[in-house]
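Below are the chains, spelled out letter by letter.
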Amino acid sequence: MFSKRTANSDRNAEDVEFDADSDSLIALELHEQLTTTAASSSAHPFPQDYQQWMAALLGDSRFKEYFDVEFKLKNSPTVGAEHRGSVPAHKLVLATRNRQFAELLRREKGREISLFEPDIPTAVFADLISYIYTGEIEFPRKVLPLASLLYAAKKYQVEPLYTNCKDWILHRIPRAQPRHLILLFQRALDLHLDDLVPLCSLLMEQRTVDTVKDPYFLGVKANLIGRLLDLNAFTGISEREMFERVLHWAHVRQAEWPVEKGKEPPTLRTILDPVIHKFCLASIPKDPLAAIITETGIFTEKEQLDISLFLLGRKKDLGQFSARMRKVNHSK
């Protein structure tokens, strides 16, 4: 269960686990065995005794002397950078079970192989290897490792695992809490998990107000803000309220910007530059829009002139801003 946190601590995303609340993802599955067995997938027709033998080969300490390759995962491609963990395996098993690993092992002949995998935690990589051996997996309960597992399965072309993991997520994400949706959407954008992005966008449109008012929203990147502002409609929140929330997000980003000697943090406008022209300013009533233009200090002189002429009826467009009206749906 989550305790109440500040905006800063809320973005310690590695600690985020699906809550045990009645409407959370994991609570819906407490009665299920969260494993995908080879028996349910024609791509892995392993008999049970074979699965048990392969699991023992990989996990039983009595057989550790037979490992002939060790993958050392790195956060950085820099030579000499510290490894963050290692995963042992057997070349023959990997080469015969997976084409990507077969090609990797053909290139890399040594016993130790360093892999630059900033988006795949060691535990997730170990789960991937285990699945290749046994054809079964216990899905991670935390949001980011779950997305990382999907990414790893895609990158290493483990198709049955990718399909099962994707289906597991897509089936449960409609009931996700806002923080889970935010984290998963951000991860899907960062890792180019295109199968998840459309559903995340749809859920953002249906649950806009709950999502943007969640503290986790203040920790997202500009690419998620941009996707949000690409929506044709918001639910439960007006364009003006959305503008104020995104402006708050920019203030938080500015306050938390890493301090570099001799350098000033970016201006609010610099932070907002990638997304500011995605706002549908015509959807904001004239008086509040005029106040936003004069009070926020984030608009250029030309933008202020274009918007002022639009408000006075002397110009039909808003310059670089869209003149379209964004629909606002009532929240249920």
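See above for the structure.
(A) Region of the structure containing the overall build of the protein chain. Along the protein chain, the regular secondary structure elements total 14 helices and 7 strands. In the protein chain, which comprises 332 residues, the share counted as buried stands at 47%. In the protein chain, the proportion of contacts linking residues at least 24 apart, taken out of those at least 6 apart, comes to 70%. Accessible surface, the protein chain as shown: approximately 17500 Å² in total, 51% of it carbon and sulfur.

(B) Expanded view of the packing of helix α7 (residues 178-190) against helix α8 (residues 197-206). Between α7 and α8, the shortest axis-to-axis distance is 10 Å and the interhelical angle comes to 145°. Two packed elements cross with a definite hand, and for α7 against α8 that hand is left-handed. Only Val 197, Cys 200, Ser 201, Leu 203 and Met 204 of α8 make contact with α7, whose side of the interface consists of Leu 181, Ile 182, Phe 185, Ala 188 and Leu 189.

(C) The arrangement of the pattern of salt bridges in detail. Counted according to the given criterion, the structure contains 12 salt bridges. Measuring nitrogen to oxygen at the nearest pair gives 2.7 Å for the salt bridge that ties Arg 62 to Asp 60. With relative accessibility at 60%, the residue Arg 62 sits in the exposed group. The closest approach of N and O atoms between Arg 269 and Asp 273, which form a salt bridge, is 2.8 Å. A residue is classified by how much of its surface remains accessible, and Arg 269, at 15% relative accessible area, is buried. Take Asp 273: its relative accessible area is 39%, and that puts it in the partly exposed class. Several salt bridges converge on common partners, so that one network encompasses Lys 302, Asp 306, Lys 315 and Asp 317.

(D) A look at the environment of Ser 148. With respect to the helices, strands and loops of the structure, Ser 148 is situated in helix α5 (residues 143-155). Here the alpha-carbon distance between Ser 148 and Ala 188, two residues 40 residues apart in the chain, equals 9.2 Å. Ignoring any residue separated from it by four or fewer positions in sequence, one finds Ser 148 in contact with Asp 119, Pro 121, Val 124 and Arg 187.

Cut-offs applied
Residues numbered from 1 in each chain as written. Predicted model: local features only at pLDDT ≥ 70, side-chain atom pairs only at ≥ 80, totals over all residues. Heavy atoms only, no water. Helix = DSSP H or I, 4+ residues; strand = E, 2+ residues; numbered from the N terminus. Buried < 20%, exposed > 50% of the residue type's maximum accessible area, 1.4 Å probe, protein only. Contact = heavy atoms within 4.5 Å. Areas by Shrake-Rupley, 256 points an atom, 1.4 Å probe, with all protein chains shown as cover. Axes fitted to C-alpha atoms, helices over the stretch in contact; angles between N-to-C directions. Left-handed = near helix turned anticlockwise from the far one by under 90°. Salt bridge = Lys/Arg side-chain N within 4 Å of Asp/Glu carboxyl O.

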